[in-house]
Amino acid sequence: MKKYFFFAAVALMAASCINDENDNSVADQQNGEVISLTASMASETTRAKAADKLQDTQFESDKSIHVDIYEKDATAPYTSGNYTTGTSGAMTGTLYYPASQKHIDIEAYYPSSITYESTSFTVGTAQTSEANYQSYDLMYATRLTDQEKKTSGTHDLTFNHALAKIIVNIVAGSGVSDANITSNVTAVKINNTITTATIAKGVVTPPTTGTKSDINIFGTGASNIGVIIPQEVAAGTFITVTYNGNDYTYALPSAKTFAAGNSYTYTLTLNAASISLKSEKINPWTNDASAGSKDITL
């Protein structure tokens, strides 16, 4: 019995040495410590929540966030990978600090298909489902400059919306009921916007000239939502509502600039034979209407 215990102990020690060697090799290469990350909740600029019709600004679980980690002054990351979101802003992943022990910079993107190597971003013209809407709602975590290696604690990332949100609400006017809007509005489009742009460190920049497309947006008829690349949209047809097989359009009276991280709400009154603008609201992309909102009633 004692002899058996001796051999088992030796085997256990040998396995431990092998594991130590492997751990040391990881430590030599990457300093052996996982970088802990969370997503800031206080700013209310985190992911929209599908269960709340995509207009709430609470953090959503089980999303893949791409993270690039840079050594200070480096132009390319020394390590990259995906973290998974959890409740209350938690993020789990296994990227390590550099062996050089230099300070680090952090960049994070949602959707996770965006990386430091990306040079362009295209907003899809079919945003008629929650999944499509979410896949084009580009979010970027502010680059954290000169962050020291931490033996404990967490780097908190503040995510911002890199695009502009357009909400189109439709209310009943003369000869139209709420039920008519719900059942007979079959499409809502954002017209004449550039859908492809360059991207660098979370900034999306459209070309000065480019191909313009119409975007079919997600909604119920009465309330509809989509995203566009930040840009100046020329005067003219901007919103098209298809009702009973006929197209009704709202035209911008003059060129308008749509900024990243802002939400633009157009409330349109639909009559039996026409459509008109009832009101326009410009808010930061949060649910806090008092946080610098601009309310225009026409």
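The structure presented is a predicted model; accordingly, all values stated were derived computationally and were not measured.

**Q** Lay out unusual backbone geometry with the relevant residues and their values.
**A** Each neighbour pair has its own omega, and for Tyr110 with Pro111 the value is 0 degrees, a cis peptide bond. Secondary-structure assignment places Pro111 in the loop between strand 5 (104-110) and strand 6 (120-122). The phi dihedral of Lys201 is positive, around 50 degrees, even though this residue is not glycine. Relative to the assigned elements, Lys201 resides in the loop between strand 13 (196-200) and strand 14 (203-205).

**Q** Explain the pattern of salt bridges to me, using residue names and the numbers behind them.
**A** If you walk through the whole model with that rule in mind, you get two salt bridges. Where Lys72 meets Asp73, a salt bridge forms, and the shortest distance between an N and an O atom there is 4.0 Å. Here Lys72 falls in the partly exposed class, since its relative accessible area comes to 35%. Residue classification places Asp73 among the exposed residues on the basis of a relative accessible area of 67%. Notably, a salt bridge pairs Glu280 with Lys256, separated by 2.9 Å at the nearest N-O pair. Note that Glu280 is positioned in strand 22 (residues 275-284) and Lys256 in strand 20 (residues 256-258), a separation of 24 residues in sequence.

**Q** I'd like a rundown of the sheet that holds strand 6, residues and numbers included.
**A** One open sheet holds the three strands; their spatial order is 6-13-14, and the pairing between them is antiparallel. In this open sheet, the two edge strands, each paired with only one partner strand, are strand 6 and strand 14. The sheet shows a mean angle of 40 degrees between the axes of neighbouring strands, direction not considered.

**Q** Please provide a residue-by-residue account of the confidence of the model for the chain, values included.
**A** Chain-level statistics for the chain give a pLDDT mean of 79 and a share of 78% at 70 or above. Here residues 1-29 scores under 50 on pLDDT; set against residues more than four positions off or in separate chains, the count is six contacts. A low-confidence stretch, residues 288-298 stays under pLDDT 50, and its non-local contacts, those more than four residues away or across chains, total 19 contacts.

About the criteria used
- Every chain's residues receive numbers from 1 upward, in the order its sequence appears when written.
- Restriction of local features to residues with pLDDT of at least 70 applies here, the model being predicted, together with a cutoff of 80 or more for giving and counting side-chain atom pairs; totals for whole chains, interfaces and linings are based on all residues.
- Note that the side-chain values use all heavy atoms of the structure and ignore hydrogens as well as water.
- Counting from the N terminus, the helices are DSSP H or I runs at least four residues long and the strands are E runs at least two residues long.
- Note on definitions: salt bridges are taken to be side-chain nitrogens of Lys or Arg within 4 Å of carboxyl oxygens of Asp or Glu.
- For each residue, the accessible area found with a 1.4 Å probe, counting protein chains only, is set against the maximum for its type, and the residue is called buried under 20%, exposed over 50%, and partly exposed in between.
- Only strands joined by at least two bridges in the DSSP assignment are considered to pair.
- Between N-to-C directions, angles span 0 to 180 degrees; the directions come from axes that are lines fitted to C-alpha atoms, helices contributing only their stretch in contact.
- Each residue carries a pLDDT score, the predictor's confidence in it, ranging from 0 to 100.
- Throughout, a contact is declared for two residues whenever any of their heavy atoms are within 4.5 Å.

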